[in-house]
Amino acid sequence: QVHLAESGGGLVQAGGSLRLSCAASGGTFSINAIGWYRQDPGKQREMVAMSFDGGRTNYADSVKGRFTISRDNAKNAAYLQMDSLKPEDTAVYYCNADLNLVRPPYRHTYWGQGTQVTVSS
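Described below are features of the structure shown in this document. (Residues numbered from 1 in each chain as written. Predicted model: local features only at pLDDT ≥ 70, side-chain atom pairs only at ≥ 80, totals over all residues. Heavy atoms only, no water.)

1. Some words on the packing of aromatic side chains
Next, step 1: Taken as a whole and judged by the stated rule, the model has one aromatic pair.
Next, step 2: Directly above the ring of Tyr 94 sits Arg 45, whose terminal nitrogen or CZ lies 3.8 Å from the centroid.
Next, step 3: Just above the ring of Trp 111 sits the side chain of Arg 45; from NZ or CZ to the centre is 4.6 Å. (Phe/Tyr/Trp six-rings, centres within 6.5 Å; stacked < 30°, edge-to-face > 60°. Lys NZ or Arg CZ within 6 Å of the ring centre and 35° of its normal.)

2. Concerning the side chain of Asn 96
Next, step 1: Relative to the helices and strands, Asn 96 resides in strand E9 (residues 91–101).
Next, step 2: Filtering out sequence-adjacent residues up to four positions away, Asn 96 remains in contact with Leu 4, Ala 33, Ile 34, Gly 35, Tyr 37, Met 50, Thr 109, Tyr 110 and Trp 111. (Helix = DSSP H or I, 4+ residues; strand = E, 2+ residues; numbered from the N terminus. Contact = heavy atoms within 4.5 Å.)

3. Some words on the nonpolar core
Next, step 1: Trp 36, Val 48, Phe 67, Leu 80, Met 82, Tyr 93 and Leu 99 are the most contacted members of the largest nonpolar core, which totals 31 residues.
Next, step 2: Where this core is concerned, the elements lending two or more residues are strand E3 (18–25), strand E4 (29–39), strand E5 (46–52), strand E7 (67–72), strand E8 (77–82), E9 and strand E11 (115–120).
Next, step 3: Sort the elements by how many residues they give to this core and E9 lands first, with six residues.
Next, step 4: When sequence neighbours within four positions are dropped, the list of residues in contact with Leu 99 reads Val 2, Phe 29, Ser 30, Ile 31, Asn 32, Tyr 106, Arg 107, His 108 and Tyr 110. (Core = buried A, V, L, I, M, F, W, Y, C linked by side-chain atoms within 4.5 Å. Buried < 20%, exposed > 50% of the residue type's maximum accessible area, 1.4 Å probe, protein only.)

4. Focus: the sheet that holds E3
Next, step 1: Across the sheet, four strands lie side by side as E1-E3-E8-E7; this open sheet has antiparallel pairing. Each having just a single partner strand, strand E1 (3–7) and E7 make up the two edges of the open sheet. For this sheet the average axis-to-axis angle between neighbouring strands, irrespective of direction, equals 15 degrees. (Pairing = 2+ DSSP bridges. Axes fitted to C-alpha atoms, helices over the stretch in contact; angles between N-to-C directions.)

5. A few points about the pairing of E8
Next, step 1: Within E8, five of the six residues are buried, which leaves the element mostly enclosed by the surrounding structure.
Next, step 2: As paired strands, E3 and E8 are joined by six bridges and run antiparallel to one another. Looking at E8, one finds that Cys 22 is bridged to Ala 78.
Next, step 3: A loop of four residues connects E7 with E8, the two strands running antiparallel in sequence, and Asn 76 in this loop sits at a positive phi of about 50 degrees.

Written out as structure tokens, the structure is:
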């Protein structure tokens, strides 16, 4: 069973930095895309940053220039470096991975359990 393990959330002051990690495990698969969404209570879940097979990345306009997504394909892992954090970045951050599984062969999107990021002013 595929599992996404997240870590790295926490409490930080405005202007500070945090680094989120997400590692996919269980089964045999290839990664089409991996990244993060976030959700604040009462709001819709929104895409933050995604890394696609082939090297393309996509960022929400609100985090461009402050957040950087990277991948370690050997570890089936992705990392989100978050700098110059703002109070409006406060949310639960969810890892998201679009995987091609081998046995049986099918494509599926998985979600991590979420990690809280709180930025104080």
